[in-house]
Amino acid sequence: MDMLLDLDDLGPTLANPAVVPSSGFLVPTLAQDISNLSLDNKQAPSTVANAVFIPSKTHELLNRITGGGLSIVYKFTRTMSVFSNRMVSIEIIFTNSSDKQISGIRIGEKKIQSSMAIQDFSEIAALAVNATTSAILGVDFGDTTQPANFELCTQDRKFNVSIKCPVGELLQALTMSENEFDTQQGKLTGMNENTGSVDLPAEHKDGKTLCSRVYEAANMLQVPSVQENQYKFAAKTISAGTLVLFSMTVTDSKAALRVNCEKMVIGSMLLKEIKQSLSRP
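Rules used throughout
- Residues numbered from 1 in each chain as written.
- Predicted model: local features only at pLDDT ≥ 70, side-chain atom pairs only at ≥ 80, totals over all residues.
- Heavy atoms only, no water.
- Pairing = 2+ DSSP bridges.
- Helix = DSSP H or I, 4+ residues; strand = E, 2+ residues; numbered from the N terminus.
- Axes fitted to C-alpha atoms, helices over the stretch in contact; angles between N-to-C directions.
- Buried < 20%, exposed > 50% of the residue type's maximum accessible area, 1.4 Å probe, protein only.
- Phe/Tyr/Trp six-rings, centres within 6.5 Å; stacked < 30°, edge-to-face > 60°.
- Contact = heavy atoms within 4.5 Å.
- Parallel < 35°, antiparallel > 145°, perpendicular 65-115°, else oblique.
- Left-handed = near helix turned anticlockwise from the far one by under 90°.
- Nonpolar A, V, L, I, M, F, W, Y, C, P; charged D, E, K, R; others polar.

Asks: Explanation requested: the sheet that holds strand E9 (residues 148–153) in the structure shown.
Replies: Whenever strands of a sheet pair, they do so through backbone hydrogen bonds, lying parallel or antiparallel. Taken together, four strands build an open sheet; the order of strands is E7-E5-E9-E10 and the sheet is antiparallel. Two strands bound the open sheet, and with one partner strand each, they are strand E7 (124–127) and strand E10 (158–163). Adjacent strand axes in the sheet meet at a mean angle of 35° when their direction is disregarded.

Asks: I keep staring at the sheet that holds strand E6 (residues 117–119) and nothing clicks. Help me out?
Replies: Taken together, five strands build an open sheet; the order of strands is E2-E3-E4-E8-E6 and the sheet is antiparallel. Two strands bound the open sheet, and with one partner strand each, they are strand E2 (59–62) and E6. With strand direction ignored, the average angle separating the axes of adjacent strands in the sheet is 30°.

Asks: Please clarify how the environment of Gly69 should be interpreted in this entry.
Replies: With respect to the element layout, Gly69 can be found in the loop between E2 and strand E3 (70–76). Residue Gly69 is classed as buried on the basis of its relative accessible area, which comes to 9%. Distance in space between the C-alpha atoms of Gly69 and Lys100 is 9.0 Å, their sequence separation being 31 residues.

Asks: Looking at this model, I keep getting lost on the packing of aromatic side chains. Mind explaining?
Replies: The description of an aromatic ring pair rests on the distance of the ring centres and on the angle between the ring planes. Scanning the entire structure with this criterion turns up four aromatic pairs. Plain terms: the ring middles of Tyr74 and Phe76 are 5.8 Å apart, the flat faces sit at 90° to each other, and that makes the pair edge-to-face. Each of the two residues, Tyr74 as well as Phe76, counts as buried. Judged by centre distance (6.0 Å) and plane angle (35°), the ring pair of Phe233 and Phe246 falls under tilted. Remark: Phe246 occurs in strand E15 (residues 243–251) and Phe233 occurs in strand E14 (residues 230–237); sequence separation between them is 13 residues. Across the pair, Phe246 and Phe233 agree in class, each one buried. By way of ring pairs, the aromatic residues Tyr215, Phe233 and Phe246 are connected into one cluster.

Asks: Would you take a moment to explain the side chain of Thr154 for this structure?
Replies: Mapped onto the elements of the fold, Thr154 is located in the loop between E9 and E10. Sequence-distant contacts of Thr154, defined by excluding residues within four places in its chain, comprise Leu70, Ile102, Ser103, Gly104, Ile105, Arg106 and Phe159.

Asks: Quick question: what am I supposed to make of the packing of helix H3 (residues 207–217) against helix H4 (residues 264–279) here?
Replies: Two measures define how a pair of helices packs: the angle their axes make with one another and the distance between the axes. Close contact between H3 and H4 brings their axes to 9 Å; oriented N to C, the two are set at 135°. Classified by the interaxial angle, the pair formed by H3 and H4 is oblique. Our pair here, H3 against H4, has a crossing hand that is right-handed. Residue-level contacts link Leu210, Arg213, Val214, Glu216 and Ala217 of H3 to Glu273, Ile274, Ser277 and Leu278 of H4. Taken together, the residues that form the contact of H3 with H4 break down as five nonpolar, one polar and three charged.

Just distances and angles here, no functional claims.
Structure, rendered in C-alpha coordinates:
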(Lines give C-alpha, C1' and ligand atoms only; values in the text may rest on other atoms or scores of the structure.)
Protein backbone atom coordinates (compact mmCIF):
# COMPACT_ATOMS: atom_id res chain seq x y z
CA MET A 1 0.00 0.00 0.00
CA ASP A 2 2.88 2.40 0.79
CA MET A 3 4.08 2.05 -2.80
CA LEU A 4 0.64 2.94 -4.11
CA LEU A 5 0.48 6.03 -1.95
CA ASP A 6 3.40 7.55 -3.81
CA LEU A 7 1.29 7.62 -6.98
CA ASP A 8 -1.24 10.02 -5.48
CA ASP A 9 0.66 13.14 -4.48
CA LEU A 10 -1.00 16.55 -4.54
CA GLY A 11 -2.71 18.64 -1.87
CA PRO A 12 -4.42 21.81 -0.04
CA THR A 13 -5.31 23.19 3.51
CA LEU A 14 -6.99 25.97 5.43
CA ALA A 15 -7.22 27.43 8.94
CA ASN A 16 -9.22 30.12 10.70
CA PRO A 17 -9.48 30.15 14.48
CA ALA A 18 -12.97 29.11 15.57
CA VAL A 19 -14.64 28.86 18.96
CA VAL A 20 -15.57 25.22 19.46
CA PRO A 21 -18.41 24.33 21.85
CA SER A 22 -17.86 21.54 24.36
CA SER A 23 -19.89 19.17 22.21
CA GLY A 24 -17.18 19.30 19.55
CA PHE A 25 -19.71 20.34 16.87
CA LEU A 26 -19.95 23.62 15.02
CA VAL A 27 -22.90 25.05 13.15
CA PRO A 28 -21.84 25.13 9.47
CA THR A 29 -21.15 28.65 8.22
CA LEU A 30 -20.02 29.70 4.77
CA ALA A 31 -16.63 31.14 3.96
CA GLN A 32 -15.32 32.78 0.78
CA ASP A 33 -13.69 30.21 -1.44
CA ILE A 34 -10.12 31.40 -1.50
CA SER A 35 -9.10 29.15 -4.32
CA ASN A 36 -11.57 30.43 -6.99
CA LEU A 37 -12.42 26.83 -7.72
CA SER A 38 -13.52 25.96 -11.26
CA LEU A 39 -16.30 23.62 -12.36
CA ASP A 40 -14.27 20.84 -13.92
CA ASN A 41 -13.48 17.41 -12.49
CA LYS A 42 -10.13 18.41 -11.10
CA GLN A 43 -11.12 21.53 -9.20
CA ALA A 44 -14.03 21.29 -6.80
CA PRO A 45 -17.06 23.54 -7.37
CA SER A 46 -19.26 25.21 -4.75
CA THR A 47 -18.34 27.05 -1.58
CA VAL A 48 -15.85 26.27 1.17
CA ALA A 49 -17.51 25.77 4.57
CA ASN A 50 -16.32 25.65 8.15
CA ALA A 51 -16.00 22.25 9.78
CA VAL A 52 -19.11 20.83 11.47
CA PHE A 53 -17.01 18.78 13.89
CA ILE A 54 -13.65 19.64 15.43
CA PRO A 55 -11.79 16.56 16.72
CA SER A 56 -10.39 16.82 20.23
CA LYS A 57 -8.28 13.66 19.92
CA THR A 58 -4.54 14.21 20.30
CA HIS A 59 -1.71 12.12 18.84
CA GLU A 60 1.67 11.61 20.46
CA LEU A 61 4.62 13.23 18.71
CA LEU A 62 7.23 12.85 21.46
CA ASN A 63 6.86 11.05 24.79
CA ARG A 64 8.39 12.52 27.94
CA ILE A 65 10.79 9.61 28.45
CA THR A 66 12.39 9.99 25.03
CA GLY A 67 12.16 13.76 25.28
CA GLY A 68 13.92 13.96 28.65
CA GLY A 69 10.84 15.49 30.27
CA LEU A 70 9.55 17.24 27.15
CA SER A 71 6.33 15.69 25.83
CA ILE A 72 4.57 16.78 22.66
CA VAL A 73 1.17 15.92 21.23
CA TYR A 74 -0.68 17.28 18.20
CA LYS A 75 -4.21 17.53 16.88
CA PHE A 76 -5.87 18.61 13.66
CA THR A 77 -7.77 21.90 13.94
CA ARG A 78 -9.89 21.62 10.76
CA THR A 79 -9.55 25.39 10.37
CA MET A 80 -8.07 27.40 7.53
CA SER A 81 -4.29 27.60 7.77
CA VAL A 82 -2.89 31.04 8.48
CA PHE A 83 0.11 30.12 6.34
CA SER A 84 -1.47 28.82 3.13
CA ASN A 85 -4.81 27.56 1.87
CA ARG A 86 -2.96 24.44 0.69
CA MET A 87 -1.82 23.52 4.21
CA VAL A 88 -3.37 21.42 6.95
CA SER A 89 -3.45 23.35 10.22
CA ILE A 90 -2.03 21.34 13.14
CA GLU A 91 -1.88 22.42 16.78
CA ILE A 92 1.29 21.26 18.55
CA ILE A 93 1.12 21.12 22.37
CA PHE A 94 4.34 21.12 24.42
CA THR A 95 4.60 20.16 28.10
CA ASN A 96 7.73 20.39 30.25
CA SER A 97 7.70 17.64 32.91
CA SER A 98 11.41 17.93 33.66
CA ASP A 99 13.04 19.72 36.60
CA LYS A 100 14.57 22.49 34.49
CA GLN A 101 13.57 25.04 31.88
CA ILE A 102 13.67 23.88 28.24
CA SER A 103 14.90 26.48 25.74
CA GLY A 104 15.02 27.00 21.98
CA ILE A 105 12.20 24.68 20.87
CA ARG A 106 12.04 24.80 17.08
CA ILE A 107 11.88 22.75 13.90
CA GLY A 108 15.17 21.57 12.42
CA GLU A 109 15.82 19.55 9.28
CA LYS A 110 12.76 18.50 7.26
CA LYS A 111 12.70 15.09 5.63
CA ILE A 112 9.69 15.19 3.31
CA GLN A 113 8.72 14.40 -0.27
CA SER A 114 9.18 17.08 -2.91
CA SER A 115 5.40 17.50 -3.22
CA MET A 116 5.09 18.38 0.47
CA ALA A 117 5.93 21.49 2.51
CA ILE A 118 6.15 22.43 6.19
CA GLN A 119 5.72 25.92 7.59
CA ASP A 120 7.63 26.21 10.88
CA PHE A 121 6.08 27.57 14.05
CA SER A 122 7.89 30.45 15.73
CA GLU A 123 10.68 29.31 18.02
CA ILE A 124 9.64 28.87 21.65
CA ALA A 125 12.36 30.70 23.56
CA ALA A 126 11.70 29.04 26.93
CA LEU A 127 9.28 26.56 28.46
CA ALA A 128 9.27 26.66 32.26
CA VAL A 129 9.07 23.61 34.54
CA ASN A 130 5.53 22.12 34.58
CA ALA A 131 4.44 24.61 31.91
CA THR A 132 2.43 23.86 28.76
CA THR A 133 2.26 25.90 25.59
CA SER A 134 1.07 25.39 22.03
CA ALA A 135 1.96 26.46 18.49
CA ILE A 136 0.41 26.10 15.05
CA LEU A 137 2.22 24.15 12.35
CA GLY A 138 1.23 24.23 8.68
CA VAL A 139 1.81 21.15 6.50
CA ASP A 140 1.04 20.74 2.81
CA PHE A 141 0.78 16.96 2.56
CA GLY A 142 0.39 17.18 -1.21
CA ASP A 143 -2.84 15.15 -0.97
CA THR A 144 -0.85 12.11 0.12
CA THR A 145 -0.94 10.01 3.27
CA GLN A 146 2.85 9.96 3.40
CA PRO A 147 4.07 11.28 6.79
CA ALA A 148 5.72 14.62 7.40
CA ASN A 149 9.09 13.76 8.97
CA PHE A 150 11.25 16.42 10.61
CA GLU A 151 13.58 17.21 13.49
CA LEU A 152 12.19 18.80 16.63
CA CYS A 153 15.06 20.64 18.31
CA THR A 154 15.75 22.20 21.70
CA GLN A 155 18.81 24.15 22.77
CA ASP A 156 20.80 20.96 23.39
CA ARG A 157 18.88 18.05 21.78
CA LYS A 158 17.32 16.91 18.51
CA PHE A 159 14.45 14.46 18.09
CA ASN A 160 13.24 12.80 14.88
CA VAL A 161 9.45 13.00 14.82
CA SER A 162 6.71 12.22 12.31
CA ILE A 163 3.15 13.45 11.68
CA LYS A 164 0.83 11.24 9.64
CA CYS A 165 -2.44 12.72 8.45
CA PRO A 166 -5.61 10.60 8.16
CA VAL A 167 -7.33 11.05 4.79
CA GLY A 168 -10.33 12.68 6.48
CA GLU A 169 -8.06 15.51 7.69
CA LEU A 170 -6.75 16.14 4.17
CA LEU A 171 -10.21 17.46 3.22
CA GLN A 172 -12.03 20.79 3.37
CA ALA A 173 -15.84 20.76 3.63
CA LEU A 174 -17.90 22.15 0.73
CA THR A 175 -21.50 23.30 0.42
CA MET A 176 -23.24 21.82 -2.62
CA SER A 177 -26.74 21.36 -3.98
CA GLU A 178 -28.05 17.85 -4.62
CA ASN A 179 -28.30 18.48 -8.36
CA GLU A 180 -24.67 19.58 -8.47
CA PHE A 181 -23.62 16.60 -6.35
CA ASP A 182 -25.38 14.15 -8.68
CA THR A 183 -23.88 15.81 -11.76
CA GLN A 184 -20.32 15.71 -10.41
CA GLN A 185 -20.74 12.17 -9.11
CA GLY A 186 -21.81 11.07 -12.59
CA LYS A 187 -18.48 12.32 -13.94
CA LEU A 188 -16.43 10.36 -11.40
CA THR A 189 -17.15 6.73 -12.17
CA GLY A 190 -15.08 3.67 -13.03
CA MET A 191 -11.63 3.88 -11.47
CA ASN A 192 -12.68 7.15 -9.77
CA GLU A 193 -15.26 5.30 -7.68
CA ASN A 194 -14.88 3.10 -4.60
CA THR A 195 -17.81 1.20 -3.11
CA GLY A 196 -18.42 -0.98 -0.09
CA SER A 197 -20.93 -1.85 2.60
CA VAL A 198 -21.02 -1.96 6.36
CA ASP A 199 -23.20 -3.52 9.04
CA LEU A 200 -24.51 -0.80 11.35
CA PRO A 201 -24.66 -1.28 15.13
CA ALA A 202 -28.34 -1.51 16.16
CA GLU A 203 -28.07 1.48 18.51
CA HIS A 204 -26.24 3.70 16.01
CA LYS A 205 -28.24 3.58 12.78
CA ASP A 206 -30.39 6.69 13.11
CA GLY A 207 -29.65 9.53 10.69
CA LYS A 208 -28.19 11.91 13.26
CA THR A 209 -25.71 9.34 14.58
CA LEU A 210 -24.72 8.21 11.09
CA CYS A 211 -23.95 11.78 10.03
CA SER A 212 -21.96 12.46 13.19
CA ARG A 213 -19.87 9.33 12.52
CA VAL A 214 -19.08 10.60 9.03
CA TYR A 215 -18.13 14.03 10.42
CA GLU A 216 -15.83 12.42 12.98
CA ALA A 217 -14.01 10.52 10.23
CA ALA A 218 -13.80 13.27 7.62
CA ASN A 219 -14.08 17.04 7.23
CA MET A 220 -17.05 16.98 4.85
CA LEU A 221 -20.46 18.68 4.74
CA GLN A 222 -23.83 17.01 4.22
CA VAL A 223 -25.63 17.83 0.99
CA PRO A 224 -29.38 18.44 1.49
CA SER A 225 -31.21 15.52 -0.12
CA VAL A 226 -34.86 14.72 -0.82
CA GLN A 227 -34.09 11.02 -1.08
CA GLU A 228 -35.11 9.01 1.96
CA ASN A 229 -32.42 7.00 3.77
CA GLN A 230 -29.72 8.43 1.50
CA TYR A 231 -26.99 10.71 2.81
CA LYS A 232 -24.58 12.70 0.66
CA PHE A 233 -21.45 14.62 1.66
CA ALA A 234 -19.05 16.88 -0.25
CA ALA A 235 -15.48 18.11 0.22
CA LYS A 236 -12.32 18.96 -1.66
CA THR A 237 -8.76 17.97 -0.96
CA ILE A 238 -6.95 20.80 0.79
CA SER A 239 -3.78 20.87 -1.29
CA ALA A 240 -4.99 20.50 -4.90
CA GLY A 241 -8.70 21.23 -4.49
CA THR A 242 -9.79 17.88 -5.97
CA LEU A 243 -13.46 17.08 -5.51
CA VAL A 244 -14.34 14.30 -3.04
CA LEU A 245 -17.91 12.98 -2.79
CA PHE A 246 -19.35 10.42 -0.37
CA SER A 247 -22.82 8.90 -0.41
CA MET A 248 -24.48 6.36 1.87
CA THR A 249 -27.75 4.47 1.36
CA VAL A 250 -29.18 2.82 4.45
CA THR A 251 -31.37 -0.28 4.32
CA ASP A 252 -32.38 -1.78 7.65
CA SER A 253 -29.08 -2.45 9.49
CA LYS A 254 -26.79 -2.17 6.49
CA ALA A 255 -25.33 0.81 4.62
CA ALA A 256 -24.06 0.87 1.04
CA LEU A 257 -21.11 3.26 0.78
CA ARG A 258 -19.71 5.08 -2.23
CA VAL A 259 -16.74 7.45 -2.57
CA ASN A 260 -16.06 9.33 -5.81
CA CYS A 261 -12.70 11.01 -6.32
CA GLU A 262 -10.20 11.06 -9.18
CA LYS A 263 -7.40 10.42 -6.68
CA MET A 264 -7.76 6.65 -6.33
CA VAL A 265 -5.76 6.22 -3.13
CA ILE A 266 -7.58 9.09 -1.41
CA GLY A 267 -10.90 7.54 -2.41
CA SER A 268 -10.10 4.00 -1.28
CA MET A 269 -8.59 5.06 2.05
CA LEU A 270 -11.41 7.50 2.81
CA LEU A 271 -13.90 4.70 2.27
CA LYS A 272 -11.97 2.55 4.72
CA GLU A 273 -11.82 5.30 7.38
CA ILE A 274 -15.54 6.11 7.14
CA LYS A 275 -16.44 2.41 7.19
CA GLN A 276 -14.45 1.95 10.41
CA SER A 277 -16.19 4.95 11.99
CA LEU A 278 -19.68 3.75 11.05
CA SER A 279 -19.11 0.19 12.32
CA ARG A 280 -17.73 1.32 15.68
CA PRO A 281 -19.93 0.15 18.62
